Amino acid sequence: QVQLVESGGGLVQAGGSLRLSCAASGRTFSRYAMGWFRQAPGKEREFVAAISWSGGYARYADSVEGRFTISRDNAKNTVYLQMNSLKTEDTAVYYCAADILGGNSWSVPLFSNDYDYWGQGTQVTVSS
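Residues numbered from 1 in each chain as written. Predicted model: local features only at pLDDT ≥ 70, side-chain atom pairs only at ≥ 80, totals over all residues. Heavy atoms only, no water.

Engineer: Tell me about the environment of S21, and please be specific about residues and values.
Structural biologist: With respect to the element layout, S21 can be found in strand β3 (residues 18-24). In this structure the C-alpha to C-alpha distance between S21 and L4, which are 17 residues apart in sequence, comes to 9.9 Å. Those residues in contact with S21 that lie beyond four places of it in its chain are V5, E6, S7, W36, T78, V79 and Y80. (Helix = DSSP H or I, 4+ residues; strand = E, 2+ residues; numbered from the N terminus. Contact = heavy atoms within 4.5 Å.)

Engineer: With reference to specific residues and values, describe the pattern of salt bridges.
Structural biologist: In total, this model carries three salt bridges according to the counting rule given. Note that R38 and E46 form a salt bridge whose closest N and O atoms lie 2.6 Å from each other. With relative accessibility at 35%, the residue E46 sits in the partly exposed group. Note that D90 and R67 form a salt bridge whose closest N and O atoms lie 2.8 Å from each other. Placement of the pair is D90 in the loop between β8 (78-83) and β9 (92-99) and R67 in the loop between β6 (58-60) and β7 (68-73), with a sequence separation of 23 residues. Summarising the burial analysis for this pair, D90 and R67 share the class buried. It is possible to trace a salt-bridge network through shared partners that takes in R38, E46, R67 and D90. (Salt bridge = Lys/Arg side-chain N within 4 Å of Asp/Glu carboxyl O. Buried < 20%, exposed > 50% of the residue type's maximum accessible area, 1.4 Å probe, protein only.)

Engineer: Explain the pairing of strand β1 (residues 4-7) to me, using residue names and the numbers behind them.
Structural biologist: Of the two faces of β1, only one is covered, namely that formed by L4 and E6; the face formed by V5 and S7 stays uncovered. As judged from the four bridges shared by β1 and β3, these two strands associate in the antiparallel manner. Residue pairing for β3: L4 is matched across the bridge by A24. (Pairing = 2+ DSSP bridges.)

Engineer: If you had to explain the sheet that holds β7 to someone new, which residues and values would you point to?
Structural biologist: Taken together, the four strands give an open sheet; going across it, the order is β1-β3-β8-β7, and neighbouring strands pair in antiparallel fashion. Of all the strands in the sheet, the pair left with one neighbour each is β1 and β7. Across this sheet, the average inter-strand angle for adjacent strands is 15°, counted without regard to direction. Pairing between β3 and β8: six bridges, direction antiparallel. Considered in β8, the bridge of S21 is made with Y80. (Axes fitted to C-alpha atoms, helices over the stretch in contact; angles between N-to-C directions.)

Engineer: I'd like a description of the environment of R72, backed by residues and values.
Structural biologist: With respect to the secondary-structure elements, R72 resides in strand β7. For the pair R72 and G55, spaced 17 residues apart in sequence, the C-alpha separation works out to 6.6 Å. Once residues within four sequence positions are removed from consideration, R72 is found in contact with F29, S30, Y32, A33, M34, I51, S52, W53, G55, T78 and V79.

Engineer: Can you break down the nonpolar core residue by residue, with the values?
Structural biologist: Residues M34, W36, L81, M83 and Y94 are the most contacted members of the largest nonpolar core, which totals 36 residues. Among the elements of the structure, β3, β4 (33-39), β5 (46-51), β7, β8, β9 and β11 (122-127) are those that each provide at least two residues to this core. Residues within four places of Y94 in sequence aside, it is in contact with E6, L20, W36, F37, R38, V48, F68, L81, M83, G121, T122 and V124. (Core = buried A, V, L, I, M, F, W, Y, C linked by side-chain atoms within 4.5 Å.)

Engineer: Explain the packing of aromatic side chains residue by residue, including any values.
Structural biologist: In total, this model carries five aromatic pairs according to the counting rule given. Relative to F47, the ring of F37 has its centre 5.7 Å away and its plane inclined at 75°; by these criteria the two rings are edge-to-face. Of this pair, F37 sits in strand β4 while F47 sits in strand β5, and the two are 10 residues apart along the sequence. Note on F37: relative accessible area 1%, which makes it buried. By relative accessible area, which is 17% here, F47 ends up buried. The structure contains a cluster of three or more aromatic residues connected by ring pairs, namely F37, F47, Y115 and W118. Across the ring face of Y95, the terminal group of R45 is positioned such that the distance to the ring centre comes to 4.2 Å. Taking NZ or CZ as reference, R72 lies 4.6 Å from the ring centre of F29, over its face. (Phe/Tyr/Trp six-rings, centres within 6.5 Å; stacked < 30°, edge-to-face > 60°. Lys NZ or Arg CZ within 6 Å of the ring centre and 35° of its normal.)

Bear in mind that shape data such as this cannot, by itself, settle questions of function.
See the structure below:
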């Protein structure tokens, strides 16, 4: 069983920054591919960013490319999402997810169904 706990959400003005953290349990976190998804009110959950277990590969949704950065610290069992130049349309509940199979060192899962465990989510609200 893997537990994921997100933190770092909050209220920020447009143009501002936030850093989300996701702390994971499990002895083999370093072999999990990790991802961030978000869900805005009335919308489907969508992919935001993901990182391979090796940390050497990452992918981003077009809507956040160049503004968000995903990273991981395997010594701390934590994955981060640095969000800069926030826009009102970034307002959503943000979820981290773990793909415990991990795949190859370059595997970066992009779809919800690829992930096995999910956190409870953290609210991000961007005001104009």
